[in-house]
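# Secondary and tertiary structure notes
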Amino acid sequence: MNRPTNRNRLGEAYQNSIATSSRCYSSALPIDAIKSSIKSSLLEQASKKDSPFWDEERTNSQTPLNGLNGHSRAVDLEQHLSDVSDDVDAPINKPDPLDEWYLESVSLGSMNGETSGIRLPEGVAPLDPHVNDPFFLSHADVNDISATIGNDLVGTDHPVLNSAARYFFNTEDGKGKGKQVRPVMVMLLSRAMMQMNSHLETSTPQLNHTLKSQRRLAEITEMIHTASLFHDDVIDDADTRRGQPAAHRAFGNKMAILAGDYLLARASIYLARLRNVDVVECMSTTIEHLVRGEVLQIKDSRTGVADMEGYLRKNFYKTASLMANSCKSAALLNHATPEVVDAAYRYGKHVGVAFQLIDDALDFEGSAASLGKPALADLNAGLSTAPVLFAAESHGDVLIPAMARKFKEAGDIDLALQCILEADGVRRTKELAAVHAEMAMEAVVGALEPSPFRDSLVHLASRVVDRSR
Ligand code: FPP
Ligand code: MG
């Protein structure tokens, strides 16, 4: 029997987004008030959608250097894959088509109250732990990525910088390693494409060279991700990360920031050594996106203003772009066809959006022990993520004022939790994640030949949505 996919089940309810312009700033001392007001206005200016800081409106260039590498569903593949301009003066930003992408996934079908349950695309073999399990199949490629980064890629003769940069790559006790989802994706995709190459007349040394580059790409991806976490934990004043003290708690703010910079610098050197300018541009774009995402998040946490479209846009920048562009880069290193490069990008993008939605849902469900960081961190930071935004559609009268207060008044957090419970906000967030997971699955199944590696990518997308930590 044909079951409707999650994408078809999602309803018009998703189309309603909320916005409020309430702002409240306060400060005890006049000098603090002045400083805070300057900082706030600069930050707000920088984080507006049409801010000249990002120059999105002004630079409608001919060159598809839009920070999204031309990835609109409708664009001509050949055109957007030739992302690298020969013109050194070509502007970097142009208006991006993100809105269409996200709203497309939330405006189809009708919500009928069923719980999610991901439907595997036709032709994909069911999960078998010894055949197509993503973590089993990627184990040989990914297992010693942390050791390689810690021992070979980031070593320095400065003892403190050395310890700080290797903090999350210390594999002796296995702590701090993280889920390594990004390297797993890159390597599974690389292997799936390699199987396709093996039908071609590609020599074994060539295949090995490609795989070596893709493995280095996986390491670079993890280094960029870790650098961003070092900085993020300083910005968020976080105490813990992956069940241990955050890097800045262990080494101090200055060293944690410098260690993040150092990781980024090392990642850039290894990126250049891949000798592929398209890949360099893709991965540099993700670094810009990480910064954009963080700026948007700081703005949200200051103003309490949030709407679904802005939230999804921010999620793309802070999480999905790195996955999308790493997958795309793996395909570029493979000299894959434009269709495969495009599918790789879409796979990473949709897994990334699903991943962040689930992260935001788990913040309401998990415990400090299961998450490795405190639960309800987003509400406590004044952030309205998807469960709150869904609840605000039906409970806006009480919830929107609490959002604008950044949940700072007594009882605001309990009020938000009650609204989310009544509006089924967490389940709806998971359903939206399932929609994106299914879109990711469609992307790889449509472009890659059947193989256990291709199927493991499908199961990985499903796992991202089903996870509990
Ligand atoms: C985690 O978000 C943060 C990110 C995914 C991106 C952080 C990006 C920056 C700090 C910009 C600088 C980037 C580089 C590459 C140095 P979160 O706070 O919502 O999640 P958490 O609960 O895991 O902390
Ligand atoms: Mg954080």
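Here is a short report on the structure shown in this document. Residue positions within a chain follow its written sequence, with the count starting from 1. Lettering for chains starts from A, numbering for ligands starts from 1, and both go in the order in which the items are written. Reporting of local features is limited, given that this is a predicted model, to residues whose pLDDT is at least 70; pairs of side-chain atoms are given and counted only at 80 or more, and all residues count toward the totals for whole chains, interfaces and linings.

What follows concerns the nonpolar core. In this description, a nonpolar core means buried residues of the types Ala, Val, Leu, Ile, Met, Phe, Trp, Tyr and Cys, linked to one another by C-beta atoms lying within 7 Å. Burial is judged by counting the other C-beta atoms within 10 Å of a residue's own C-beta: 20 or more makes it buried, 12 or fewer makes it exposed, and any count in between marks it as partly exposed, with every C-beta position built from the backbone. Residues C327, A354 and A437 are the most contacted members of the largest nonpolar core, which totals 114 residues. By definition, residue pairs are in contact when their C-beta atoms, positioned from the backbone, come within 7 Å. Setting aside anything within four residues of it in sequence, one finds A354 in contact with A433, H436, A437, A440, A461, V464 and V465.

For ligand 1, the set of nearby residues contains 19 residues, the closest of which are S228, H231, D232, L290 and E294. Each helix corresponds to a stretch of at least 4 residues labelled H or I by DSSP, and each strand to a stretch of at least 2 residues labelled E; elements are numbered beginning at the N terminus. Broken down by secondary-structure element, the contributors of at least two residues to the shell around ligand 1 are α9 (204–236), α11 (253–272), α12 (277–303) and α13 (308–333). Take the shell around ligand 1: its biggest share by element is seven residues, from α9. Classification used: nonpolar for Ala, Val, Leu, Ile, Met, Phe, Trp, Tyr, Cys and Pro, charged for Asp, Glu, Lys and Arg, polar for all others including Gly. Of the residues contributing to the shell around ligand 1, the split by class is nine nonpolar, five polar and five charged. Being near a molecule or strand means, for a residue, that its backbone-placed C-beta atom lies within 6 Å of it.

Mapped onto the fold, A416 is located in helix α18 (residues 412–423). On the neighbour-count criterion, A416 (25 C-beta atoms within 10 Å) is buried. Expressed as a C-alpha distance, the spacing of A416 and L399, which sit 17 residues apart in the sequence, is 6.4 Å. Residue contacts for A416: discarding those within four places in its chain leaves L379, V388, L399, A402 and F407.

For the rest of this paragraph, the subject is α9. Compared with the 48 Å implied by 1.5 Å per residue over 33 residues, the 47 Å span of α9 between its first and last C-alpha is a close match. Positioned one or two residues after α9, D237 has a phi angle of 55 degrees, which is positive. The span one expects for a helix is its residue count, reduced by one, times 1.5 Å.

Before going further, it helps to spend a moment on the environment of H350. Structurally, the position occupied by H350 is in helix α14 (residues 338–365). For H350, a count of 28 C-beta atoms within 10 Å corresponds to the buried category. Not counting residues up to four positions away in its chain, the partners in contact with H350 are H436, A437, M439, A440 and A443.

This part covers α12. Residues separated by three or four positions in an α-helix point in the same direction, a consequence of the helix having 3.6 residues per turn. A rise of 1.5 Å per residue sets the reference length of α12, with its 27 residues, at 39 Å; its end C-alpha atoms lie 39 Å apart and thus fit the reference within 8%. Directly after α12, the chain includes G304, whose backbone phi takes a positive value near 75 degrees.

Of note in the backbone geometry, R242 takes a positive phi value of approximately 50 degrees without being a glycine. Note that R242 resides in the loop between β1 (240–241) and β2 (244–245). For L376, which is not a glycine, the phi torsion comes out positive at approximately 55 degrees. Mapped onto the secondary structure, L376 falls in the loop between α15 (368–371) and α16 (377–380). A residue is classified by how many C-beta atoms lie within 10 Å of it, and L376, with 16 of them, is partly exposed.

Worth remembering: the numbers are spatial, not functional.
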